[in-house]
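Read off the chains here:
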Amino acid sequence: MDQSVRELHEKRSKMWEGSIANHRKYLDTSTGIFSEKFTQERNCPVCGEHNERELFYKEGGRYVKCNECSMVYINPVFTDDALEDYYRTNHDLQGEIVEGDTEFYSGLYTKGLEGIEKVLQRKGQILDVGCSSGTFLDTAKGRDWKTYGVELNQTEAKYAQAKGHTVYNDLLQRIHFDTRFDAVSLWDVFEHLKEGEMYLNLLKTLLTPEGVIFLQIPSSDSLAAKILHEKCNMFDGLEHVNLYGVSTIKQLAEKCGLEILGMESVISEIGVINNHLSYENPYFGNTDNKINIAGLIDETTLHNKLMGYKLQVIMGVRK
């Protein structure tokens, strides 16, 4: 079913509003910025340098760009304890939204699995980190994968378990797995992790020989992000702590002894951009043009240049 830009984002606004409501208990009401008791300063999560320039504030958080490697990230960032508290007490709407928009998400999941299977030339055991209610695992199981998941939200973890998936309700670094995985996937999760380098090195230890890591991440190189800036939903102020682009995810992979085996962009956001260019709300404007941007850039061109809203990245251990 072809949905309008407005219809698509009206469905997802409930999750956004739930997240923002949960943000407010961490704000310093006198400044509108997150209280210092919940945050800490940090260096660039890719190159490790402390040479940044401020971009903007959004929903209590401060986004910066590294002058050395071009990484976009939140600084200061929540402490580990504050982040764990936030995710354990956050709403459980993610699964509800995904379950209610299966056509959109199943297309993305199928595309990702096809990429993984093309690289591996086999199927096997897959671990989905941040599996929510297990909708991706449903798709993988339907393609004859043996499915495992990790999910911090207790309600969503139980829901996924009830569907027959093996799901762990704990932090990844606390779990002892008695098996290795042919693929480990993180769907819209990696941008939530402060220490991307540490996690990639941890994920490497979970792989079988020739196993792969799959990431779907919002891209700071997306045309939508570059045009909309703080109006783009990619910037949420708290959860999306690291926003990688094409070059910065490559840099991080290389730093971790990984090589990029495949990279594509998905979700053009052409309708969102056209709303903005028409001086309307990007997500709730009335454009029906999802074909091209000002008659200049179509979806194929945009994705060929890896400027879609999100990147799907497959990486393996460098030989």
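Overview of the structure. (Residues numbered from 1 in each chain as written. Predicted model: local features only at pLDDT ≥ 70, side-chain atom pairs only at ≥ 80, totals over all residues. Heavy atoms only, no water.)

1. Observations concerning the overall build of the protein
Per the secondary structure count, the protein includes 11 helices and 17 strands. A buried classification covers 55% of the 319 residues belonging to the protein. Pairs at least 24 apart in sequence give 71% of the contacts found in the protein among residues at least 6 apart. As presented, the protein carries roughly 14,400 Å² of accessible surface, and 48% of it is formed by carbon and sulfur atoms. (Helix = DSSP H or I, 4+ residues; strand = E, 2+ residues; numbered from the N terminus. Buried < 20%, exposed > 50% of the residue type's maximum accessible area, 1.4 Å probe, protein only. Contact = heavy atoms within 4.5 Å. Areas by Shrake-Rupley, 256 points an atom, 1.4 Å probe, with all protein chains shown as cover.)

2. Concerning unusual backbone geometry
For the bond running from N75 to P76, omega is 5°, close enough to zero to count as cis. Among the structural elements, P76 can be located in the loop between β6 (72–74) and β7 (77–78). In this model, H229 sits at a positive phi of 50°, which is unusual for a non-glycine residue. With respect to the secondary-structure elements, H229 resides in the loop between α8 (223–228) and β13 (242–243).

3. Points about the packing of aromatic side chains
Both the distance between ring centres and the angle between the ring planes are used here to describe each pair of aromatic rings. The full count for this structure, using the stated rule, is 17 aromatic pairs. Each ring, one from Y26 and one from F78, has its centre 5.2 Å from the other, and the planes form 65°; the classification is edge-to-face. With Y26 in the loop between α1 (5–23) and β1 (27–28) and F78 in strand β7, the pair connects residues that are 52 residues apart, well separated along the chain. A residue is classified by how much of its surface remains accessible, and F78, at 4% relative accessible area, is buried. When the centroid spacing of 5.1 Å and the interplanar angle of 45° are considered together, the rings of F136 and W187 count as tilted. On the criterion of sequence distance, the pair formed by F136 in helix α5 (residues 135–142) and W187 in strand β11 (residues 181–187) is long-range, its members being 51 residues apart. Like W187, F136 is buried. (Phe/Tyr/Trp six-rings, centres within 6.5 Å; stacked < 30°, edge-to-face > 60°.)

4. Some details on α5
Every buried residue of α5 is accounted for by T135, F136, L137, T139 and A140. Positioned one or two residues after α5, D144 has a phi angle of 75°, which is positive.

5. Considerations on the pattern of salt bridges
Counting across every chain of the model gives 12 salt bridges. The salt bridge partner of K111 is E264, with a shortest N-O separation of 3.0 Å. Taken together, the residues K111 in helix α4 (residues 102–120) and E264 in strand β14 (residues 258–266) connect sequence positions 153 residues apart. Owing to a relative accessible area of 41%, E264 belongs among the partly exposed residues under this scheme. Between R174 and D170 there is a salt bridge, with its nearest N and O atoms 3.4 Å apart. (Salt bridge = Lys/Arg side-chain N within 4 Å of Asp/Glu carboxyl O.)

6. With respect to the nonpolar core
Counting 43 residues, the largest nonpolar core has I116, I126, F136, W145, C232 and F235 as the members making the most contacts within it. Considering each element in turn, this core owes the most residues, six residues, to α4. In this structure, W145 is in contact with L113, I116, E117, L120, R122, K123, G124, Q125, I126, A140, D182 and A183, ignoring residues within four places of it in sequence. Counting residues in each nonpolar core, the second largest holds 39 residues, with V150, F181, Y244 and A253 among its members. (Core = buried A, V, L, I, M, F, W, Y, C linked by side-chain atoms within 4.5 Å.)

7. Describing the sheet that holds β14
Here we have seven strands laid out as an open sheet, ordered β10-β9-β8-β11-β12-β17-β14, and mixed in their pairing. Every interior strand has two partners, whereas the edge strands, β10 (166–168) and β14, have only one. Between one strand axis and the next, the sheet turns through 20° on average, direction left out of account. Bridge count for strand β9 (residues 146–150) against β10 is three bridges, and the pairing is parallel. If you follow Y148 over to β10, its bridge partner there is T166. Its contacts with the sheet put helix α7 (residues 196–204) on β8 (125–129), β11, β12 (207–218), β14 and β17 (310–317), and the angle it makes with β12 is roughly 145°. Against the sheet, helix α9 (residues 246–255) contacts β12, β14 and β17, and its axis sits at roughly 160° relative to β14. (Pairing = 2+ DSSP bridges. Axes fitted to C-alpha atoms, helices over the stretch in contact; angles between N-to-C directions.)

8. Regarding α7
Those residues of α7 lying buried are G196, Y199, L200 and L203. Down the axis of α7, the sector holding all buried residues measures 100°, keeping them to one side. (Arc of directions from axis to C-beta.)

9. Here's the deal with the sheet that holds strand β5 (residues 61–66)
Pairing is antiparallel in the open sheet, where four strands are placed in the order β4-β5-β6-β13. Where the open sheet ends on each side, the last strands, each with one partner, are β4 (52–58) and β13. In this sheet, β5 lies alongside β4 in antiparallel orientation, the contact comprising six bridges. The partner of E52 across the bridge, within β5, is C66.

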